[in-house]
Amino acid sequence: MLKKFVISLMILVTLVGCSSSTESDELTAKSLYDDLCANITFEGTELTVEQASSILFLDNNASEVYAYIANDLSSNIIAVVKTNSTISTIDNLNQYIASINQTAMNYSPEELEKIDNAFLKALNNEIVVFVICDDISEVERIIN
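Small disclaimer: the values here were computed from a predicted structure and weren't measured.

S.K.: Would you mind showing me how to read helix α4 (residues 86–107) here?
M.R.: Because the α-helix completes a turn every 3.6 residues, residues three or four places apart line up on one side. For α4, with 22 residues, the first-to-last C-alpha span of 31 Å sits near the 32 Å given by 1.5 Å per residue. Those residues of α4 that fall on the buried side of the exposure criterion are Thr86, Ser88, Thr89, Asn92, Leu93, Tyr96, Ile97, Ile100 and Ala104. Packing partners of the buried residues in α4 comprise α3 (49–55), β2 (62–70), β3 (77–83), α5 (112–116), β4 (119–123) and β5 (127–132).

Take a look at the structure:
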């Protein structure tokens, strides 16, 4: 528990320290993604920008996309998107949520609660964090 607190504190210090310039913000998106992947564990595959953009219905507003998706039939995913339109990106990710929700209703209803509790939040008006996993409280600790 103390280790997670220290890691979360380090992430917060890193985010605050990196928020002053555009170049630092680019590193922040990748750093945030790396921190989420290090603390939210599930077997998965890192997606290319093209794969993630296609799967997540992202448009040209996304300038950086980091995504890790489950290898099994679960809905687990971690995505951090740097965008010049957080509203558009959130709308696109809500379309993805609706799509997998519909699929889960038919094929894996045990995933519905997890999908309904998805973490989707814009940070600094240019980064969108999207996570579906078993422990959203861990995601909230990392982000906050």
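S.K.: Any chance you could explain the nonpolar core here in plain terms?
M.R.: General note: in soluble globular proteins, nonpolar side chains tend to be found buried as a group. With 21 residues, the main nonpolar core has Leu36, Ile78, Val129, Val131 and Val139 as its most contacted residues. Non-local contacts of valine 129, meaning those with residues more than four positions away in its chain, are made with Leu32, Leu36, Ala79, Phe119, Leu120, Lys121, Leu123 and Ile143. Val65, Val81, Ala104 and Ile115 belong to the second largest nonpolar core, which has 20 residues in total.

S.K.: Which parts of the structure should I look at to understand the sheet that holds strand β1 (residues 44–47)?
M.R.: Think of a sheet as strands paired side by side through backbone hydrogen bonds, with each pair either parallel or antiparallel. Spatially, the 5 strands line up as an open sheet ordered β1-β2-β3-β5-β4, and their pairing is antiparallel. This sheet does not close on itself; its edge strands, each paired only once, are β1 and β4. For this sheet, the mean angle separating the axes of adjacent strands, direction not counted, is 10 degrees. In this fold α4 packs onto β2, β3, β4 and β5, with an angle of close to 15 degrees to the strand it touches most, β5.

S.K.: I'm lost on the pairing of β5 in this one. Help?
M.R.: Within a regular strand, the side chains alternate between the two sheet faces. Among the 6 residues of β5, 6 are classified as buried, and the element is accordingly described as predominantly covered. Pairing between β3 and β5: 6 bridges, direction antiparallel. Across the sheet, the residue bridging to isoleucine 78 is valine 131, located in β5. Bridge count for β4 against β5 is 5 bridges, and the pairing is antiparallel. When the bridges of β5 are listed, leucine 123 appears paired with isoleucine 127. Turn length for the β4-β5 hairpin, with the two strands adjacent in sequence and antiparallel, is 3 residues, and the turn residue asparagine 124 shows positive phi of about 55 degrees.

What counts, and where the lines are drawn
Residues numbered from 1 in each chain as written. Predicted model: local features only at pLDDT ≥ 70, side-chain atom pairs only at ≥ 80, totals over all residues. Heavy atoms only, no water. Helix = DSSP H or I, 4+ residues; strand = E, 2+ residues; numbered from the N terminus. Expected span 1.5 Å × (residues − 1). Buried < 20%, exposed > 50% of the residue type's maximum accessible area, 1.4 Å probe, protein only. Contact = heavy atoms within 4.5 Å. Core = buried A, V, L, I, M, F, W, Y, C linked by side-chain atoms within 4.5 Å. Pairing = 2+ DSSP bridges. Axes fitted to C-alpha atoms, helices over the stretch in contact; angles between N-to-C directions.

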